Amino acid sequence: MTPRPDSRPFSETSPRPVRTGGRDEDAAPAVSQGAAGPKDPAGAADPAGGKAAAGKTAAKKTAAKRTAAKKTATEKVVAKKAVAKKTTAKKTAAKKAVTGKAAAEKAPAGRTAARSTGKAPAKKVTAGKAAASEPVALRQDEPLKDHAPNWPGARPPAPRRSDDALGRDGDGAGVGRAASLDPGERQRLLHGSHHDPHTVLGAHRVPGGVLFRALRPYARRVAVLAEGVRAELHDDGDGLFSGVLPLAAEPSMPSYRLLVRYGEEPGQDELEAEDPYRFLPSLGELDLHLIGEGRHEELWRALGARPMTVDGVAGTRFTVWAPNALGVRVAGDFNHWDGTACPMRSLGGSGVWELFLPGVGAGALYKFDITRPDGSHTLRADPMARRTEVPPATASIVEESAYTWHDGEWLARRAERAPHQAPLSVYEVHLPSWRPGLTYRELAEQLPAYVKDLGFTHVELMPVAEHPFGGSWGYQVTGFYAPTARMGTPDDFRHLVDRLHQEGIGVLMDWVPAHFPKDEWALARFDGTALYEHSDPARAEHPDWGTLEFNFGRTEVRNFLVANAVYWCEEFHIDGLRVDAVASMLYLDYSRESGQWTPNVYGGRENLDAVAFLQEMNATVYRRCPGVITAAEESTAWDGVTRATHHTGPGGFGGLGFGFKWNMGWMHDSLEYMVREPVHRKYHHNEMTFSMVYAYSENYILPISHDEVVHGKRSLVSKMPGDWWQQRADHRAYLGFMWSHPGKQLLFMGQEFAQGAEWSEAHGPDWWLLDPAYSAAGDHQGVRDLVRDLNRVYTATPALWELDTDPAGFSWIEGGAADDNVFAFLRYAADGSPLIAVSNFSPVVRHDYPVGVPEGIPAWREVLNTDAARYGGSGVGNPETLKADAAPAHGRPAGIAPTLPPLATIWLVPAPPRG
């Protein structure tokens, strides 16, 4: 793949870097040393470049005054790796020529002999001299990194001895001197602000041969192994090594590797490594074009850390979008968190920086060392990281999935039926606290079985993307592309989703594109500027949560979020996204007073950029992922939340394109009714009926979510008035009303067994309430048995879900019996099959209560009664078939007279004809 014309991967005067085969792990440490050569008292470099005897004597005296460096445990590990690599090199024909230590000791001063390899000796370099260059002393007034180096020894190397001449253990005597680097370019390279280090480092054609230059801080020697030659490079100071080899002028550059020595003695702490700066960019033209347009729907394949093989060399390609950075370097555990030796190149106007690091693979920890426009440095986690450390640690991890899915049958069936015309009963779960301490794989053994037993069709997972603060419940995300590491790896999370699918359970997840936290290692002012957030502080700051809002008007930011939605659906087989805090995105004046916001171009308060983003996200997800649904947590009367994006509404906007909208109005109104004493409910009767005024304006989900059972709002059962029996009765009656009301339903964990305490993310549901040893366990078990039966009858009865979004699927029987606290209505399936739901929210039994029924159905039977004794109720009900008589009721030609239990909901369906 070739770079874009404007990406400037190479200068016009410098040859292209080498692109050849090979393999290895680049484990060389990197930190700036002082400028090369002895200095005069004023600090200037000696013109002799350190060759004069006086310079050597001075170095000896300086060395005598220093404490001898002790070899650390880490150095021993590096040495062992070096030995292992040398052994491998001896077995590889392409790496035969390595100078022998014994031969080097016998060679005359200033020259080296070929090291014995059991094969033909390496060729000796006999190049003519190139123009000499003197290293430039570099003044470094500020630290180059945010973390102290952790190299073997973690200290400047000991002074060189007089016998450290280049010719001692390599063919360095004939290596020509490279032309000196421009001081400014040298400064930029060492400071991490060079936009294209590949034009300086690596191998380049020059008159007289090939120029090799490497940046290996802390190294004492660097040699090039190329075409059977081992040649020592000249030490230019500050970790820079260079030299010109008289290699033949061939169309292609020679294959080469670097032999880097950190020890004082030949062969000590010596590593053979690939040079990252010999590879062309591995990000293609199309990727860069799509990123620039903000249309890369698989952005995670282009940006971030991606293990791959380039020219036969295994490693990891690192890419990051940081358009305003002066420079970017990769720092990680593979270079002891010192990115000095790993500067990335800018791929032109795309704002993308890229570097392929050989030998780095899955599991490696990393961050990006970014040089901000003011020259300061910041160490940042990868916005596109697909795996992270376990919080509070913040490093990104190179990830490569090895998971094999087993849910092909589920995915094939998922899109067979429109979700609006299918049963959808959702169990909302906070994974870390559902069973505290369980991993994803342990949850996979328990959660699917529990949800299947209760009959829910779907689970909805509160945010699983990585977040630093557990108390945010996942709603302040820093790792948008990484499942939280608290419970395992990304493949472990895939296993959980897979097991749910195998049990026939869909998986929805909360997705949070509205805002992000200000953590200094994450997205906030990522490259030193307002990149992901809006540049206007008034637009960037979220007034409620102390977070930053995304800049939806920037194409790259929209791309980051749209691709993220697709990513979860495609990479983790998520079946739906519940989008959090949509209202806060849609309105410029959300939680802002007059004068704190600026109207849009039409003078309105709508955030047109957010509207465009949500439309693009929904259109993209529905196009790419058949069967996936999206649902908006939107608490206002915005027109067209679930209308198609190409259908314009009365306000002039196209629909937002969501599949469903949370019915926050129904939730608020119905709970306001239920918390009142029954004697007062007649004054609030309309709070239970008003939802039907707008029931078909959107495609609704009825939520009793986590938000309703925290922060002093009390659990669902604890909201109810009266004593414990009345509270449970109201709780059961309300669930029966909810399951029969038009719309899908969602219930938060713990409410299925009437937990009395508010939910806490610290300990999760009070499972001990179901322990048979607890005296009131039967009360809680009874409520859970009801939920199981609600789901069983619901799923088996199309009248309760088939026409949820069609007015033909609902008809009031009695909506005005305020004095009785009674509500009665009909639900219809597509084939006309009916179900009658009657709720009595008073604590009195109502015998022979007249209920009008459709004509032509001679008898009805009770299929569910929330007051049944097995649920903990009083056992009042209608065990016998109810015959319809000719007496009109509620404007209908026939009627029945059931007994209405106290604080209960009953469901009636046509009785089968007697045989």
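The shown structure was predicted, so the numbers you read here are calculated from the model rather than taken from an experiment.

About the thresholds
- Residues numbered from 1 in each chain as written.
- Predicted model: local features only at pLDDT ≥ 70, side-chain atom pairs only at ≥ 80, totals over all residues.
- Heavy atoms only, no water.
- Pairing = 2+ DSSP bridges.
- Helix = DSSP H or I, 4+ residues; strand = E, 2+ residues; numbered from the N terminus.
- Axes fitted to C-alpha atoms, helices over the stretch in contact; angles between N-to-C directions.
- Contact = heavy atoms within 4.5 Å.
- Parallel < 35°, antiparallel > 145°, perpendicular 65-115°, else oblique.
- Nonpolar A, V, L, I, M, F, W, Y, C, P; charged D, E, K, R; others polar.
- Polar contact = N/O pair within 3.5 Å; in protein donor to acceptor, adjacent residues only side chain to side chain.
- Buried < 20%, exposed > 50% of the residue type's maximum accessible area, 1.4 Å probe, protein only.
- pLDDT = per-residue confidence, 0-100.
- Salt bridge = Lys/Arg side-chain N within 4 Å of Asp/Glu carboxyl O.
- Expected span 1.5 Å × (residues − 1).
- Bend = angle between axes of the 7 residues up to and from the residue.

Caption draft 1: A look at the sheet that holds strand β27 (residues 700-704). Taken together, 8 strands build a closed barrel; the order of strands is β17-β18-β21-β24-β25-β26-β27-β28 and the barrel is parallel. Neighbour-to-neighbour, the strand axes of this sheet turn through a mean angle of 25 degrees, independent of strand direction. Across 4 bridges, strand β21 (residues 506-511) lies against strand β24 (residues 576-579) in parallel orientation. Note on β24: the bridge partner recorded for L508 is G576. Sitting on the sheet, helix α13 (residues 608-624) touches β21, β24 and β25 (629-632), and the angle it makes with β25 is about 155 degrees. This element, helix α18 (residues 724-740), spans β17 (425-429), β27 and β28 (744-748) of the sheet and lies at about 145 degrees to β28.

Caption draft 2: A look at the packing of helix α5 (residues 285-293) against helix α11 (residues 555-571). With their axes 7 Å apart at the nearest point, α5 and α11 run at an angle of 110 degrees to one another. In terms of orientation, α5 lies roughly perpendicular with respect to α11. Along its contact with α5, which presents L290, I291, G292 and E293, the element α11 presents T555, E556 and N559. Here the contact of α5 with α11 is composed, by residue class, of 2 nonpolar, 3 polar and 2 charged.

Caption draft 3: A look at the sheet that holds strand β9 (residues 304-310). On the basis of which strands lie adjacent, the open sheet formed by 4 strands has the order β9-β10-β13-β12 and antiparallel pairing. Of all strands in the sheet, those with a lone pairing partner are β9 and β12 (345-346), marking the two edges.

Caption draft 4: A look at the side chain of N699. Residue placement: N699 occurs in the loop between α16 (686-689) and β27. Of note is the side chain of N699, whose polar atom sits 3.4 Å from the side chain of H420. Among the polar contacts listed, one links the side chain of N699 to the backbone oxygen of G659, at a separation of 3.2 Å. Beyond its immediate chain neighbours, meaning those up to four positions away, N699 contacts H420, T642, G659, F660, K661 and T805.

Caption draft 5: Molecular detail of the environment of R230. Mapped onto the elements, R230 comes out in strand β4 (residues 229-232). Given a relative accessible area of 1%, R230 falls into the buried group. Distance in space between the C-alpha atoms of R230 and L259 is 8.7 Å, their sequence separation being 29 residues.

Caption draft 6: View of the pairing of strand β8 (residues 270-273). Across the two faces of β8 the burial is the same, with E270 and E272 and L271 and A273 all buried. As paired elements, strand β7 (residues 256-261) and β8 share 4 bridges and run antiparallel to each other. Paired with L258 across the bridge in β8 is A273.

Caption draft 7: Broad picture of the confidence of the model for the protein. On average, residues of the protein score 84 in pLDDT, and 81% of them are at 70 or above. Within the model, the stretch residues 1-171 combines pLDDT values under 50 with 353 contacts to residues more than four positions away or in other chains.

Caption draft 8: Up close: helix α14 (residues 664-674). α14 sits mainly inside the fold: 8 of its 11 residues count as buried. Inspection of α14 places M664, W666, M667, D669, S670, L671, Y673 and M674 among the buried residues, and these make up the whole buried set.

Caption draft 9: The pattern of salt bridges, seen in detail. Taken as a whole and judged by the stated rule, the model has 46 salt bridges. With a shortest N-O distance of 2.5 Å, E541 and K518 are connected by a salt bridge. Note that E541 is positioned in the loop between α10 (537-540) and β23 (548-549) and K518 in the loop between β22 (515-516) and α10, a separation of 23 residues in sequence. By relative accessible area, K518 is classed as partly exposed at 41%. Put simply, D580 and R578 hold a salt bridge, and the shortest N to O gap is 3.0 Å.

Caption draft 10: Summary view of the packing of α18 against helix α19 (residues 777-796). With their axes 11 Å apart at the nearest point, α18 and α19 run at an angle of 10 degrees to one another. In terms of orientation, α18 and α19 fall into the roughly parallel class. Each of W724, R728, H731, R732, L735, G736 and W739 in α18 lies in contact with α19, whose residues at this interface are D779, H780, V783, L786, V787, L790, N791 and Y794. Residue composition of the contact of α18 with α19, grouped by class: 8 nonpolar, 4 polar and 3 charged.

Caption draft 11: Seen up close, helix α8 (residues 440-454). With 15 residues, α8 extends 20 Å between its outermost C-alpha atoms, agreeing within 8% with the 21 Å of an ideal straight helix rising 1.5 Å per residue. The sharpest bend along α8 measures roughly 25 degrees and falls at Q446, with the proline P448 sitting one to four residues further on. If you check which residues of α8 are buried, you get Y440, L443, A444, L447, P448, Y450, V451 and L454. Among the structural elements, β17, α7 (431-434), β18 (458-461), β20 (479-483), α9 (490-502) and α19 are those in contact with the buried residues of α8. Note on α8: the residue one or two positions beyond its end, G455, has a positive phi of about 85 degrees.

Caption draft 12: Highlighting the environment of D275. Structurally, the position occupied by D275 is in the loop between β8 and α5. On the basis of relative accessible area, D275 is assigned to the buried category, the value being 3%. As a C-alpha pair, D275 and L215 span 60 residues in sequence and 9.8 Å in three-dimensional space.

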